[in-house]
Amino acid sequence: MKKSWVSGLLLVCLLLAFFLVSACSREEKIEIKKEDGVTVVYNPKKPVPLQGVPSTLSLKEELVLGKTGNEEAMLLNPRAVEADQAGNIYVLDDKAVQIKVYDPQGNFIRAIGRGGRGPGEFQGPRGFYLTPQQSLAVCDSLSRQVVIFGLDGQFIRALPDKTRSFMEVKVKTEGDIIATQMVVGEEAREELIWFDSELKPLLTVASVQMAKYPVFNPFLPYIYFGFTADGNVLWGKTTEYVFNVVNAERKIVRKIVKNYDPEILTQEDKDKKAKELFGEEGAPSEVTIEWSKYFPAFQDFVMDERGWLYVRPYTKEKVEKGVIYDVFDADGRYVARVVLPDRAIAIKYGKLYTIEEDAEGMRLVKRYALEWK
């Protein structure tokens, strides 16, 4: 009798171990499927190191910009950063209302543009993009135009559209313009629009409702986008851990999906966010706050020239110092979770660019060397 009982217990333990191992195996597996002609990459919660794909990252600080030099070289309030293949660094200083250019050693070269209303001037630049045509496309949201400069600083042309409030602008290899815009009426929406090279709209790629007055969710959904290595458009909205890839024919050809546990929005989280937005007095009486149950899936992302995707998730996981990023290779496979020194503003040609505050509260641009092993 005793032997039978022990044998039965042993069998139960073996079966339990088998199911646990099977569950873990399924959890760690990346699945790639075809669904209605679209390649869908399903990623597990944890990264899966792949043979031949580097998954361990080391960083080394190389350069700090903005604190030394003459007045023209110093940065007042850096907002966006780009870098070219030669290592030259372009920084949008929105307080100086200029793009400042530095060589790979950090020496100031020139300033591009200036504040104003004339040709080659802008009023409220939100960001800019280093285009495949070797120019700079500046998104001037205040004057509602896209301003194009050569890398030598020469003004090329302006593309005005007074009906649109641009948020971010990028240019494809063939010259088409991809941009996000804010649309405000009875409701506020963010839209991702595909334009031709003259800013004629061709397709609304995505449209996301942000708010409908007087109801307001403090954790607004946003659209982020970038380009894959082969020039396709990759986009996602922050409320879902899903990224869509749209080809030159403006068709979705790939989806990247990551399984994750959403972070619960606690009352402490709500109080903190409300204080950030409205101060101690709280929200105005005419505004109704509608909280979601969870934090959004991610906060933002950047892409490097290889098409690798660095996603900053909403996570309460604690790290001693720095910012957590989920990293996906060019095929959309989740290969690593890393800690970067600060929010990634750009990752280009093996370099990470951040904007960090020093002990005196001065915002500086830093460059780090990235090495994947």
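Structural data are supplied above this passage.
Residues numbered from 1 in each chain as written. Predicted model: local features only at pLDDT ≥ 70, side-chain atom pairs only at ≥ 80, totals over all residues. Heavy atoms only, no water.

Caption draft 1: Inspection of the sheet that holds strand β24 (residues 298-303) at higher detail. Here four strands make up an open sheet; going across it, the order is β24-β25-β26-β27 and the pairing antiparallel. At either margin of the open sheet sits one strand with a lone partner, and together these are β24 and β27 (334-340). The average angle at which neighbouring strand axes cross in this sheet is 25°, direction not considered. The pairing of strand β26 (residues 323-328) with β27 spans six bridges and is classified as antiparallel. Looking at the pairing, Phe328 lines up with Tyr334 of β27. (Pairing = 2+ DSSP bridges. Helix = DSSP H or I, 4+ residues; strand = E, 2+ residues; numbered from the N terminus. Axes fitted to C-alpha atoms, helices over the stretch in contact; angles between N-to-C directions.)

Caption draft 2: Structural view of helix α2 (residues 267-278). The end-to-end C-alpha distance of α2 is 16 Å, a good match for the 16 Å that 12 residues give at a rise of 1.5 Å each. Every buried residue belonging to α2 is among Asp269, Lys270, Lys273, Ala274 and Phe278, and all of these are buried. With its buried residues spanning 130° around the axis, α2 presents them on a single face. Every exposed residue of α2 that faces more than 90 degrees away from the buried side is listed here: Glu268, Lys272 and Glu276. (Expected span 1.5 Å × (residues − 1). Buried < 20%, exposed > 50% of the residue type's maximum accessible area, 1.4 Å probe, protein only. Arc of directions from axis to C-beta.)

Caption draft 3: Summary view of the sheet that holds strand β11 (residues 135-140). The strand order β10-β11-β12-β13 describes an open sheet built from four strands, whose pairing is antiparallel. The sheet terminates laterally at β10 (125-130) and β13 (155-160), the two strands that pair on one side only. Adjacent strand axes in the sheet meet at a mean angle of 20° when their direction is disregarded. Bridge count between β11 and strand β12 (residues 145-150): six bridges; the pairing is antiparallel. Bridge pairing in β12 links Asp140 to Gln145.

Caption draft 4: Region of interest: the pattern of salt bridges. The tally for this structure, following the rule as stated, stands at 28 salt bridges. A salt bridge links Arg157 to Glu198, with the shortest nitrogen-to-oxygen separation between them at 3.1 Å. One end of the pair, Arg157, is in strand β13; the other, Glu198, is in the loop between β16 (187-195) and β17 (201-212), with 41 residues separating them in the sequence. With relative accessibility at 29%, the residue Arg157 sits in the partly exposed group. In this structure, Asp300 and Arg312 form a salt bridge, with 2.5 Å as the shortest nitrogen-oxygen distance. On the criterion of sequence distance, the pair formed by Asp300 in strand β24 and Arg312 in strand β25 (residues 309-313) is long-range, its members being 12 residues apart. Of the residues examined, Asp300 reaches a relative accessible area of 3% and is grouped as buried. (Salt bridge = Lys/Arg side-chain N within 4 Å of Asp/Glu carboxyl O.)

Caption draft 5: Focus on the environment of Leu364. Looking at the secondary structure, you find Leu364 in strand β30 (residues 363-372). Separated by 215 residues in the primary sequence, Leu364 and Phe149 place their C-alpha atoms 24 Å from one another. Residues within four places of Leu364 in sequence aside, it is in contact with Val64, Leu65, Gly66, Lys67, Thr354, Ile355, Glu356 and Asp358. (Contact = heavy atoms within 4.5 Å.)

Caption draft 6: Focus on the pairing of strand β4 (residues 78-83). Counting buried positions over the six residues of β4 gives five, a clear majority of the element. Here five bridges tie β4 to strand β5 (residues 89-93), and the two strands are oriented antiparallel to one another. Note that in β5 the partner of Ala80 across the bridge is Leu92. What sits between the antiparallel neighbours β4 and β5 is a turn of five residues, in which Gly87 has the positive phi angle 95°.

Caption draft 7: A look at the side chain of Asp140. Within the element layout of this structure, Asp140 appears in strand β11. Buried charge without a salt bridge: Asp140, with Lys162 as the nearest opposite-charge side chain at an N-O distance of 7.8 Å. Within the local environment of Asp140, its side chain forms a polar contact with the backbone nitrogen of Gln123, the two atoms lying 2.9 Å apart. Residues contacting Asp140, with those up to four places away along its chain left out, are Glu121, Phe122, Gln123, Gly124, Pro125 and Gln145. (Lys, Arg positive; Asp, Glu negative; His and termini not counted. Polar contact = N/O pair within 3.5 Å; in protein donor to acceptor, adjacent residues only side chain to side chain.)

Caption draft 8: Structural detail: the packing of aromatic side chains. Inspection of the entire model under this criterion finds 22 aromatic pairs. Taking the centre distance of 5.5 Å and the plane angle of 90° together, the rings of Phe243 and Phe301 count as edge-to-face. Taken together, the residues Phe243 in strand β21 (residues 242-246) and Phe301 in strand β24 connect sequence positions 58 residues apart. For Phe301, a relative accessible area of 7% translates into the label buried. (Phe/Tyr/Trp six-rings, centres within 6.5 Å; stacked < 30°, edge-to-face > 60°.)

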